[in-house]
Amino acid sequence: MEYRLNVNEEIFSVEVENSGKHGFRARIRDQEYDAEYVHVDDHQIHLKVDGRRVNAYVCGQDDGKIISIRGRCWFVSDADLAGQKGTRKKGLGPGLQEVTPPMPAVVIAVAVREGDVVEKGQGVVVVSAMKMETTLFAPYDGLVKKVNVCEGDKVMPGDILVDIEKTGPDSEIEAE
Amino acid sequence: MFKKILIANRGEIAVRVINTCREMGIQTVAVYSDADKTALHVLVADEAVCLGDAEPTQSYLNMEKIIAAAKETGAEAIHPGYGFLSENSRFVGKCDQAGVVFIGPPAQVIRDLGDKITARRIMADSGVPITPGLTSAEADAAVMRTEAEKIGYPVLIKATAGGGGKGIRIVHSSAEMADACASAAREAKSAFGNGDIYLEKFFTNARHIEFQVLADQFGNTVHLLERECSVQRRHQKIIEETPSPIMTPALREKMGRAAVTAARAAGYVNAGTVEFLVDENNNFYFLEVNTRLQVEHPVTEMITGIDLVRMQLEIACGNKLPVSQKDIFGRGHAIECRIYAEDPENGFVPSPGKIAYLKEPSGPGIRNDCGVYSGVDVPMAYDPILSKLIVHARTRDLAIAKMVAALQRYVVVGVKTPVAFLMDVLASDAFAGGNVFTNFIDTHFSSWHPETGDADLALLAFIADEMAASRKTGQKISGEDAILTPWQTLGAWRPGL
């Protein structure tokens, strides 16, 4: 069996072969692993990899699993399933192209109105969560097409708070 | 001693106060908002009173509702924790009027020390060194410029009220002055309802070192050594330790005496913290007094063996301090890491949500002051602190090793936390060297990203979990979704009939 797994935006091909009731052999890049596991509970997998034991903590999400091992976390998803459940994660990275809050938050102030011309980096909405205010900036030069929120609205990551139509010099890049 | 007290707070600090009350045989009343119905502090208290809407002004900041809850439940005193109403002198006044003891300093002391200008004057008058700068509020940017030229740039424009890093601007040149004054004043006005600002010297390579003090109602005032709190992000501490890596017995003696003088000058009663800036030449300057229990108080408890909440309760009910200065000494080294629901990869933005799974580290010398559990929702209405991990060992190096190992065993899944970030900071040469200034994170870890090189184990865990899940579903199908009885699940094992 072959898995194609996505770890933090990098795709790994993993060849897996069952061995025994709770074991498997896996090949990642050119590395071979002999693994056994105990399903301790819904969130804990006890692994024995080439004789060395390690505890992994697992939390299933809509589109993958968060794996925590020795204090570090990885988000692992099945690359072959990606896209079937929507691409919610897209656009949430640092190269943000939309005016959307980084965390669930409340809108504190809206600094623009429909028809306003905005410059890249101009503050357009201020949101607040957990005593911290965050200003959301225009991702590019543009024209405010629509303001989708008012002060006091509760908003989530992925919600587009302000629609901005690009007018800047690099607007063609967006088309690809 | 009090028979019952109310804790006007939430999260880890409410739980921590309740723990000491339980040891002392004091009944506890928790208060909570609609967002906190199943919060840990509600589950561990003897009684709990709902205050209403999640919005802090409707709940944890609502003085009338909290005092009414104390009256209604027969609580004799209110512990404010930190944040919320802990440094609100009007609340203390209202407690006094209602005949409920406020576990903290008198209203007048909080009022004086809460105003940075008044505090600076009290300290200057009693010979405690203060940072160079103004001792009165100033609205005129031109006057600010003159003063800045006198003491030298960079300078700090600071709100006279409040704290928590709000209403503060660093000014590097006279050109930036007018804008900085205007925005600091605006931020202070909206955060604290008071837009007064003043100016003081900004030290680029400064350490933040504070002294814990305790004072009873009979004029006995002691200090409980220092805490080093230089590792900060957004002017908020994330790692604290004691003793400070730069402390010498002579400097400790000098600063400790200044801290006690500062507390006495302000007429201080109960537990408080005198904060100092220490420059590269070990000159120290009074910064402010925090008139409450600090978030980082556990490191002091670890090395002194003194329960600060117990001391607060003793003092508040009118008992004499059971310790004098000569009884207080530190043993070993303690470090605290704050575990917030936040994303260290993304500017430390808050990360509220459901904690899908939590596993706390434990072992000799490990303490975790925790306010959450597996399955609880971390609401976005409040400060994102989840817990504080504290370790105690014989030396600083041993404490660092213990902390790294404890962090490795700390599992928080569902919300983002800085656990991996803290591990990297603790394990860094820069931290080990003890050259820790308030700009430490910006200098060494400004563009931190988690190590992802060793993803193979995560991949194997993913696959194992998939396999375990498919086995489980397989079982379910054979059982035709019937509810399994022990007779089916026990397998070959049978009770000894």
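Side note on the overall build of chain B
Point 1. A count of helices and strands for chain B gives 17 helices and 22 strands.
Point 2. With the C-alpha coordinates of chain B rotated into their principal frame, the extents come out at 85 × 55 × 45 Å.
Point 3. Looking at chain B as a whole, 57% of its 497 residues qualify as buried.
Point 4. Per element, the accessible surface of chain B, about 19,800 Å² overall, is 51% carbon and sulfur.

Quick look at the domain arrangement of chain A
Point 1. Partitioning chain A into structural domains gives domain 1 (2–78) and domain 2 (105–175).
Point 2. On a C-alpha basis, the centres of domain 1 of chain A and domain 2 of chain A stand 39 Å from each other.

Comments concerning the interface of chain A and chain B
Point 1. Residue-level contacts link 52 residues of chain A with 47 residues of chain B.
Point 2. Of the roughly 4,500 Å² buried between chain A and chain B on both sides combined, carbon and sulfur atoms contribute 70%.
Point 3. In this structure, the connection of chain A to chain B is made through four salt bridges.
Point 4. Residue Lys-65 of chain A pairs with Glu-466 of chain B through a salt bridge whose shortest N-O separation is 3.0 Å.
Point 5. When the residues that make up the side of chain A that touches chain B are grouped by side-chain class, the tally is 32 nonpolar, 10 polar and 10 charged.

Digging into the sheet that holds strand S3 (residues 47–52) of chain B
Residue and element names in this part refer to chain B.
Point 1. Strand order in the open sheet formed by five strands is S3-S2-S1-S4-S5, with parallel pairing between adjacent strands. The two strands at the open ends of the sheet, each matched to only one other strand, are S3 and strand S5 (101–102).
Point 2. Here five bridges tie strand S2 (residues 27–33) to S3, and the two strands are oriented parallel to one another. Its bridge partner being in S3, Val-31 is matched across the sheet by Val-49.
Point 3. Against the sheet, helix H1 (residues 11–24) engages strand S1 (4–7), S2 and strand S4 (77–79), with an angle of about 170 degrees to S1.

A word on the sheet that holds strand S9 (residues 207–215) of chain B
Residue and element names in this part refer to chain B.
Point 1. If you trace the eight strands from one edge of the open sheet to the other, you get S13-S12-S9-S10-S11-S14-S21-S19, paired in antiparallel fashion. The outermost strands of the open sheet, each flanked by one partner alone, are strand S13 (284–290) and strand S19 (366–370). Each strand axis lies, on average, 25 degrees off the axis of its neighbour in the sheet, ignoring direction.
Point 2. Inspection of the sheet shows strand S11 (residues 236–242) paired to strand S14 (residues 333–340) by four bridges, in the antiparallel sense. The residue bridging Glu-240 from the neighbouring strand is Glu-336, located in S14.
Point 3. Sitting on the sheet, helix H9 (residues 249–265) is in contact with S9, strand S10 (221–233), strand S12 (270–278) and S13, with an inclination near 105 degrees to S10.

Topic: the pairing of S2 of chain B
All names here are of chain B.
Point 1. Buried residues dominate S2, accounting for six of its seven residues.
Point 2. Relative to S2, S1 runs parallel, the two being bridged by four bridges. For Ile-7, the partnering residue across the bridge sits in S2 and is Ala-30.
Point 3. A crossover links S1 with its parallel partner S2, the connecting element being H1, and its sense is right-handed.

Considering the packing of H1 of chain B against helix H11 (residues 308–316) of chain B
Residue and element names in this part refer to chain B.
Point 1. Running from N to C, H1 and H11 cross one another at 65 degrees; their axes reach a closest spacing of 9 Å. The orientation of H1 with respect to H11, classified from their angle, is roughly perpendicular. For the element pair H1 and H11, the recorded crossing hand is right-handed. Across the interface between the two elements, Arg-16, Val-17, Thr-20, Cys-21, Glu-23 and Met-24 from H1 touch Leu-308, Val-309, Arg-310, Leu-313 and Glu-314 from H11.
Point 2. In terms of residue class, the contact of H1 with H11 is built from six nonpolar, one polar and four charged.

Some thoughts on unusual backbone geometry
Residues and elements named next belong to chain B.
Point 1. Cis geometry marks the peptide bond from Tyr-153 to Pro-154; its omega dihedral reads -5 degrees.
Point 2. Tracing the sequence through the fold places Pro-154 in the loop between helix H7 (141–151) and strand S6 (155–159).
Point 3. In the segment running from Thr-242 into Pro-243, the intervening peptide bond is cis, with an omega of -5 degrees.
Point 4. Structurally, Pro-243 can be placed in the loop between S11 and H9.
Point 5. With phi around 60 degrees, Asn-282 is a residue other than glycine that occupies positive phi space.
Point 6. Positionally, Asn-282 belongs in the loop between S12 and S13.

Regarding helix H12 (residues 396–408) of chain B
Residue and element names in this part refer to chain B.
Point 1. Here H12 spans 18 Å end to end across 13 residues, near enough to the 18 Å set by a 1.5 Å rise per residue.
Point 2. Considered for burial, the residues of H12 that qualify are Arg-396, Ala-399, Ile-400, Met-403, Val-404, Ala-406 and Leu-407. Viewed along the axis of H12, the buried residues span an arc of 165 degrees, placing them on a single side of the element.
Point 3. For H12, the secondary structure elements touched by its buried residues are S11, S14, S19, strand S21 (385–393), helix H13 (419–426) and helix H14 (429–432).

Things to note about the packing of aromatic side chains
Point 1. According to the stated counting rule, one finds 14 aromatic pairs over all chains in the structure shown.
Point 2. On the numbers, 5.9 Å between centres and 40 degrees between planes, the contact of Phe-440 of chain B with Phe-445 of chain B is tilted. Across the pair, exposure class does not vary: Phe-440 of chain B and Phe-445 of chain B are buried alike.
Point 3. Ring pairs connect the aromatic residues Phe-348, Phe-421, Phe-431, Phe-440, Phe-445 and Trp-448 of chain B, which therefore count as one cluster.
Point 4. In this arrangement the basic side chain of Lys-65 of chain A is found over the ring face of Phe-462 of chain B, its NZ or CZ atom lying 5.3 Å from the centre.
Point 5. Here the guanidinium or amino end of Lys-320 of chain B rests over the ring plane of Phe-218 of chain B, the centre of that ring lying 5.6 Å away.

Considering the domain arrangement of chain B
Residue and element names in this part refer to chain B.
Point 1. Taken domain by domain, chain B consists of domain 1 (4–103), domain 2 (132–201) and domain 3 (207–445).
Point 2. Between domain 1 and domain 3, the C-alpha centre-to-centre distance is 23 Å.
Point 3. The partner domain 3 presents 32 residues to the 33 residues of domain 1 that form the contact.
Point 4. Ranking the residues of domain 1 by area buried against domain 3 places Glu-12, Arg-16 and Tyr-82 at the top, with a combined share of 28%.
Point 5. Across the contact surface, domain 1 and domain 3 share five salt bridges.
Point 6. Remark: the boundary between domain 1 and domain 3 carries 11 residue pairs in polar contact (both at pLDDT 80 or more).

Conventions and cut-offs
Residues numbered from 1 in each chain as written. Chains lettered and ligands numbered in written order. Predicted model: local features only at pLDDT ≥ 70, side-chain atom pairs only at ≥ 80, totals over all residues. Heavy atoms only, no water. Helix = DSSP H or I, 4+ residues; strand = E, 2+ residues; numbered from the N terminus. Buried < 20%, exposed > 50% of the residue type's maximum accessible area, 1.4 Å probe, protein only. Areas by Shrake-Rupley, 256 points an atom, 1.4 Å probe, with all protein chains shown as cover. Domains from an automatic or database assignment. Contact = heavy atoms within 4.5 Å. Buried area = accessible area lost by both parts, 1.4 Å probe. Salt bridge = Lys/Arg side-chain N within 4 Å of Asp/Glu carboxyl O. Nonpolar A, V, L, I, M, F, W, Y, C, P; charged D, E, K, R; others polar. Pairing = 2+ DSSP bridges. Axes fitted to C-alpha atoms, helices over the stretch in contact; angles between N-to-C directions. Right-handed = clockwise from strand over helix to strand, strands pointing away. Parallel < 35°, antiparallel > 145°, perpendicular 65-115°, else oblique. Left-handed = near helix turned anticlockwise from the far one by under 90°. Expected span 1.5 Å × (residues − 1). Arc of directions from axis to C-beta. Phe/Tyr/Trp six-rings, centres within 6.5 Å; stacked < 30°, edge-to-face > 60°. Lys NZ or Arg CZ within 6 Å of the ring centre and 35° of its normal. Polar contact = N/O pair within 3.5 Å; in protein donor to acceptor, adjacent residues only side chain to side chain.

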